[in-house]
Amino acid sequence: MSTQEHTDRGPLDRDELAARVAQDIPDGSYVNLGIGQPTKVADHLAADSGVVLHTENGMLGMGPAAQDDEVDTDLTNAGKVPVTELPGAAYFHHADSFAMMRGGHLDVCVLGAFQVAGNGDLANWHTGAPDAIPAVGGAMDLAIGAKDVLVMMSLFAKDGSAKIVPACTYPLTGVGCVSRVYTDHGVFAVGPDGVTVLETYGLSFDELAERMDVPLQRA
Amino acid sequence: MSTQEHTDRGPLDRDELAARVAQDIPDGSYVNLGIGQPTKVADHLAADSGVVLHTENGMLGMGPAAQDDEVDTDLTNAGKVPVTELPGAAYFHHADSFAMMRGGHLDVCVLGAFQVAGNGDLANWHTGAPDAIPAVGGAMDLAIGAKDVLVMMSLFAKDGSAKIVPACTYPLTGVGCVSRVYTDHGVFAVGPDGVTVLETYGLSFDELAERMDVPLQRA
Amino acid sequence: MTRATVLDTAREAVDGIEDGSTVLVGGFGLAGMPFDLIEALIDQGAKDLTVVSNNAGNGEWGLAALLKAGRVRKVVCSFPRQSDSYVFDELYRSGRIELEVVPQGNLAERMRAAGAGIGAFYCPTAVGTPLAEGKEVREIDGRTYVLEMPIKGDVALISAHTADRMGNLVYRKTARNFGPVMATAATTVVAQVSEVVEVGTLDPEAVVTPSIYVDRVVRVEPRHLQVEGAR
Amino acid sequence: MTRATVLDTAREAVDGIEDGSTVLVGGFGLAGMPFDLIEALIDQGAKDLTVVSNNAGNGEWGLAALLKAGRVRKVVCSFPRQSDSYVFDELYRSGRIELEVVPQGNLAERMRAAGAGIGAFYCPTAVGTPLAEGKEVREIDGRTYVLEMPIKGDVALISAHTADRMGNLVYRKTARNFGPVMATAATTVVAQVSEVVEVGTLDPEAVVTPSIYVDRVVRVEPRHLQVEGAR
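Residues numbered from 1 in each chain as written. Chains lettered and ligands numbered in written order. Predicted model: local features only at pLDDT ≥ 70, side-chain atom pairs only at ≥ 80, totals over all residues. Heavy atoms only, no water.

S.K.: Outline the pairing of strand β3 (residues 49-52) of chain C, supporting the account with residue identities and numerical values.
M.R.: Residue and element names in this part refer to chain C. The alternating pattern of β3 places L49 and V51 and T50 and V52 on opposite faces, both of which are buried. Relative to β3, strand β2 (residues 22-25) runs parallel, the two sharing 3 bridges. Within the sheet, the bridge partner assigned to V23 lies in β3 and is V51. With helix α2 (residues 35-44) bridging β2 and its parallel neighbour β3, the resulting β-α-β unit is right-handed. Sheet topology note: the β3/strand β4 (residues 72-77) ladder contains 4 bridges and is parallel. Pairing of V51 across the sheet is with V75, part of β4. Handedness of the crossover joining β3 and β4 through helix α3 (residues 63-68) is recorded here as right-handed. (Buried < 20%, exposed > 50% of the residue type's maximum accessible area, 1.4 Å probe, protein only. Helix = DSSP H or I, 4+ residues; strand = E, 2+ residues; numbered from the N terminus. Pairing = 2+ DSSP bridges. Right-handed = clockwise from strand over helix to strand, strands pointing away.)

Written as structure tokens, this is what we have:
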């Protein structure tokens, strides 16, 4: 295996990024897609993939967003968006739903993030701004609640700094919980062994290494 | 209130004892009847009492023992005897069933006992014989698992010693958990304030006081 | 508790809730939110309440209306900050309401513990984060856990789909959410439902909240809630 | 785990169970006992097993047959002693099998903890009794609790009534007992069922064990078990 550098093209756009994440989700796995960008991953899962979606408000077998007449106030995802039900679905209460997550039964969870540290620490619930009203929802449960926790985000913040960092400066969501980070500019393995660049998009490994404060390894 | 002494009659027989216990079970309450003698209490609950029976293997709304064609191997009580289902029943798994008990949601539990101490300690699972195979079942869960734990037993052991004792000599099932003891020779309140004789059958208060090692109080 | 009472009005169903009570309020966003019971509680007048719920109210109805009426001293929830949680935001920023933020799964599990007679439990969620600060930490089998305590309510206000006259409850889709857990964790449990049926009508295999947990039931008229459409 | 596999024979369903495994075996007496899977396990040959189950076998079939075949090193159960548990009795008295007696509710809750990612929990059951000896004790809010640890299985063998092809399970009456709990607590979960139906056939509101917990499903022929009649 070696780092795949795609320098003949620009960064991944949002749909390409979602498709890239979807590509790494094994057929037949049980998956929780976090609120926001990760939701988009569902649109890129093959119809015959057999992937079963979990929503932490109490359902397995969640279908696509509800359209028009399908909207039912009793059936929403964790983002409170009306969704649909697929054959083979099951409903359960919150304690059972989070037991399912906490117990490590989900194969994959895809989350957004403000920052990911090279060791896999995750910060995605609070910017640390002193006047912000703290609100965590299921973020901390999700962070520790799947065999594989994938993060999906833009690599660089608006100020140009990389969001994969030596150590998170924002309040943590979970410690050492992330295994991979999918970004517009590259795919990274993170964890106890540090950051390994698996793929780059629009930038070379060396260009990434220059723009990031965390040491990068080639795959 | 005063101690009711019934010396113009003999001790309660088993049916009378079951009826006496049934009399103290409030209408509409949720009740677990232990294996053995306590099961008999059900036969003495008025049809319109609205009492709902719990069986710890996973059911509320248990009906009488199954007769002939009613026998269904999938429907038994905690003693593994085939039973029936009443309208309004609900099934649940073991963790939910014992959570219901442990959480203090049952109003009354009626148990048999080897010994009850004056302070409410219960011994009903093990005679302490060195060669006995220990088997506890739900006894310890039941002992701490209802708002009121009633014991139903003969007052005297075969050797003539009283089974309400200053301190249990058999291994404990639960500490200070029993509130009342219903026996053939009398009804007793037990607990932090010691033993109060509520009723006697076939013996007077004084005769009981003479035959028991635990101090007795009049009601 | 003895068998549930089926009442005629939401106002009767919230009778006797005392000032200073801890009130568990079901619902996740709109789904499973007991609107009628909350409105009745505003009418009933209890104040100085601690409310335990996933969110801290939307717009100016439901929980937000209770907050706006100044009845709530403290909110225990996982996600107070929403696009339309301005009533809570204003109370919080002006120091007129306390907030305890609890991870969503811990909120559920802590109530489950209260209902199940568990004294406390070691939980891996929030380890190493600000929400675990000041809490006891313990390593078990090589993993680090935080000690979490039960959350018990004086009252639970929940919304289910159908009740039978004994108080057995079934829910509908993801509106089930916190209802069955809260029903186990409060001294008095009040359920608003869309339908009350005769005893024996519900499938015993499919009852979600057994009658033992339910004290009061009231049927309410369905309301047509406005929700966001598809993304 | 990925989606469940529906297999043709019980023997295939117990493939790969290793010597020394901890096997959770469902059932309470006869109800919910996975007889076919146990027989298949005897055939499969795994030995040195730790079996976690409510009882320790009846007569010479089911769990008792597995014990009799000498495959079990240790039994973790609540109630080994029954009128017809002579196989276990003989093994125990002759020192050929270990026994850990666990109160029935703790057995269920400890498996529930394993399945729910709870590191340990404080439980009021057995406080002050011989079964709490040597365990950590703690007072919380004026009540005394014992620290209990999770029980995790390598394999769970359970019996349900109906499965769909994804592995969603429903049970029947009190045969539900330990099945749904054990299904959450083992690495590999094998369910024998009376019927396998197409996906979409089961009511999503009434599924008791969601498919995520189930790895292998096998349909077995109903057997007519002899049970005691009425008391």
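Back to the text.
S.K.: Go over the pairing of strand β4 (residues 59-65) of chain B, please, and point to the residues and values.
M.R.: Residue and element names in this part refer to chain B. Among the 7 residues of β4, 6 are classified as buried, and the element is accordingly described as predominantly covered. Bridge count between strand β3 (residues 52-55) and β4: 2 bridges; the pairing is antiparallel. Residue pairing across strands places T55 opposite M59, the latter belonging to β4. Between the end of β3 and the start of β4, which pair antiparallel, lie 3 residues, with G58 showing a positive phi angle near 125°.

S.K.: Describe in detail the interface of chain A and chain C, supporting the description with residues and values.
M.R.: Listed as interface residues are 44 residues of chain A and, on the opposing side, 49 residues of chain C. Scanning the region where chain A abuts chain C turns up 4 salt bridges. The closest approach of N and O atoms between E109 of chain C and R102 of chain A, which form a salt bridge, is 3.8 Å. Across the contact surface, chain A and chain C share 19 residue pairs in polar contact (both at pLDDT 80 or more). For the side of chain A that touches chain C, the secondary structure elements donating two or more residues are β4 (59-65), β5 (83-91), α2 (94-102) and α3 (139-143) of chain A. Broken down by element, the side of chain A that touches chain C gets its largest block of residues, 4 residues, from α2 of chain A. Considered class by class, the residues forming the side of chain A that touches chain C number 23 nonpolar, 13 polar and 8 charged. (Contact = heavy atoms within 4.5 Å. Salt bridge = Lys/Arg side-chain N within 4 Å of Asp/Glu carboxyl O. Polar contact = N/O pair within 3.5 Å; in protein donor to acceptor, adjacent residues only side chain to side chain. Nonpolar A, V, L, I, M, F, W, Y, C, P; charged D, E, K, R; others polar.)

S.K.: Got a sec to walk through the sheet that holds strand β2 (residues 22-25) of chain D? Specific residues and values, please.
M.R.: Where strands meet in a sheet, backbone hydrogen bonds hold them as pairs that are either parallel or antiparallel. Residue and element names in this part refer to chain D. Spatially, the 8 strands line up as an open sheet ordered β1-β14-β12-β9-β2-β3-β4-β5, and their pairing is parallel. With partners counted over all chains shown, the strands left at the sheet margins are β1 (5-7) and β5 (98-101), one partner each. Mean inter-strand twist for the sheet, computed between neighbouring axes without regard to direction, equals 20°. Of the pairings in the sheet, the one linking β2 to strand β9 (residues 153-159) comprises 3 bridges and is parallel in character. Opposite L24, over in β9, you have A156 as the bridge partner. Running over the sheet, helix α2 (residues 35-44) touches β2, β3 (49-52), β9, β12 (186-193) and β14 (216-219) and is turned about 120° from β12. (Axes fitted to C-alpha atoms, helices over the stretch in contact; angles between N-to-C directions.)

S.K.: Go over the interface of chain C and chain D with me, naming the residues and quoting the values.
M.R.: Contacts between the two partners involve 21 residues from chain C, matched on the other side by 21 residues from chain D. Of the roughly 1700 Å² buried where chain C meets chain D, counting both sides, 44% is carbon and sulfur surface. Counting every contact that joins chain C to chain D gives 6 salt bridges. With its nearest N and O atoms 2.6 Å apart, the salt bridge here joins E136 of chain D to R138 of chain C. The interface formed by chain C and chain D includes 13 residue pairs in polar contact (both at pLDDT 80 or more). Those elements that place two or more of their residues in the side of chain C that touches chain D are α5 (104-116), β6 (120-123), β7 (137-140) and β8 (143-148) of chain C. In terms of residue count, the dominant contributor to the side of chain C that touches chain D is β6 of chain C (3 residues). (Buried area = accessible area lost by both parts, 1.4 Å probe.)

S.K.: Describe the relation of the copies chain C and chain D, naming the residues involved and giving the relevant values.
M.R.: The relation between the two copies of this chain is a rotation about an axis and a shift parallel to it. The transformation that overlays chain C on chain D combines an axial shift of 0.0 Å with a rotation of 180°, and the residual RMSD is 0.0 Å. Put plainly, the chains are arranged around a two-fold axis. Using C-alpha coordinates, one finds that chain C approaches the rotation axis most closely at F121 of chain C, a distance of 2.1 Å. (Least-squares fit on C-alpha atoms with pLDDT ≥ 70 in both.)

S.K.: Give me the state of the cysteines: which residues, what numbers.
M.R.: In total, this model carries 0 disulfides over all chains according to the counting rule given. Here C177 of chain A stays free of any disulfide, with the sulfur of C168 of chain A as its closest cysteine sulfur at 9.0 Å. (Disulfide = S-S within 2.5 Å.)

S.K.: So what's going on with the packing of α2 of chain A against helix α5 (residues 104-116) of chain D? Residues and values would help.
M.R.: At their nearest, the axes of α2 of chain A and α5 of chain D sit 7 Å apart, and the two run at 65° to each other. Where α2 of chain A abuts α5 of chain D, its residues A95, A99 and R102 of chain A lie against R112, G115 and A116 of chain D. In terms of residue class, the contact of α2 of chain A with α5 of chain D is built from 3 nonpolar, 1 polar and 2 charged.

S.K.: Account for the side chain of E205 of chain C, naming residues and giving values.
M.R.: Its location among the elements puts E205 of chain C in the loop between β11 (186-197) and β12 (216-219). By relative accessible area, E205 of chain C is classed as buried at 18%. With residues near it in sequence (within four places) discarded, E205 of chain C still touches Y91 of chain B together with Y171, R172, K173 and R176 of chain D.

S.K.: Outline unusual backbone geometry, supporting the account with residue identities and numerical values.
M.R.: All names here are of chain C. At D48, a residue that is not glycine, the phi angle is positive and equals roughly 60°. Tracing the backbone through its elements, the reader meets D48 in the loop between α2 and β3. On the basis of relative accessibility, which here comes to 40%, the residue D48 falls in the partly exposed class. Within the chain, A126 stands out as a residue other than glycine whose phi angle is a positive 80°.

S.K.: So, the pattern of salt bridges: which residues are in play, and what are the values?
M.R.: Residues and elements named next belong to chain A. Scanning the model with the defined rule gives 56 salt bridges over all chains in all. A salt bridge links D15 to K40, with the nearest nitrogen and oxygen atoms 3.9 Å apart. Placement of D15 in helix α1 (residues 14-23) and of K40 in the loop between β2 (30-33) and β3 (52-55) is noted, with a sequence separation of 25 residues between them. Take D15: its relative accessible area is 39%, and that puts it in the partly exposed class. On the basis of relative accessible area, K40 is assigned to the partly exposed category, the value being 30%.

S.K.: I'd like to hear about helix α4 (residues 86-93) of chain C, residue by residue, with values.
M.R.: Since the α-helix advances by 3.6 residues per turn, residues separated by three or four positions end up pointing in the same direction. All names here are of chain C. Taken together, the buried positions of α4 are occupied by V87, F88, D89 and L91. Buried-residue contacts for α4 involve α3, β4 and β5 (98-101). Taken from the residues just after α4, G95 is the one with a positive phi, measuring 70°.

S.K.: I'd like a description of α2 of chain A, backed by residues and values.
M.R.: Residue and element names in this part refer to chain A. Most of α2 is tucked away: 8 of the 9 residues are buried. For α2, every residue scored as buried is listed here: H94, A95, S97, F98, A99, M100, M101 and R102. One or two residues past the end of α2 sits G104, with phi positive at roughly 80°.

S.K.: A description of the sheet that holds strand β8 (residues 122-123) of chain B should follow, citing residues and the corresponding values.
M.R.: Strand order across the open sheet formed by 3 strands is β8-β7-β10 (chain B), with mixed pairing between neighbours. Only two strands of the sheet have a single partner each, and these edge strands are β8 and β10 (164-165) of chain B.

S.K.: Give a detailed account of the packing of aromatic side chains, specifying residues and quantitative values.
M.R.: This structure, assessed with the given rule, holds 7 aromatic pairs over all chains. On the basis of an interplanar angle of 85° and a centroid distance of 5.8 Å, the ring pair of F114 of chain A and Y170 of chain A is categorised as edge-to-face. Of this pair, F114 of chain A sits in the loop between β6 (108-111) and β7 (115-117) while Y170 of chain A sits in the loop between β10 (164-165) and β11 (180-183), and the two are 56 residues apart along the sequence. Here F114 of chain A falls in the partly exposed class, since its relative accessible area comes to 32%. Here the basic side chain of R211 of chain B rests over the ring of F156 of chain B, its NZ or CZ set 3.7 Å away from the ring centre. (Phe/Tyr/Trp six-rings, centres within 6.5 Å; stacked < 30°, edge-to-face > 60°. Lys NZ or Arg CZ within 6 Å of the ring centre and 35° of its normal.)

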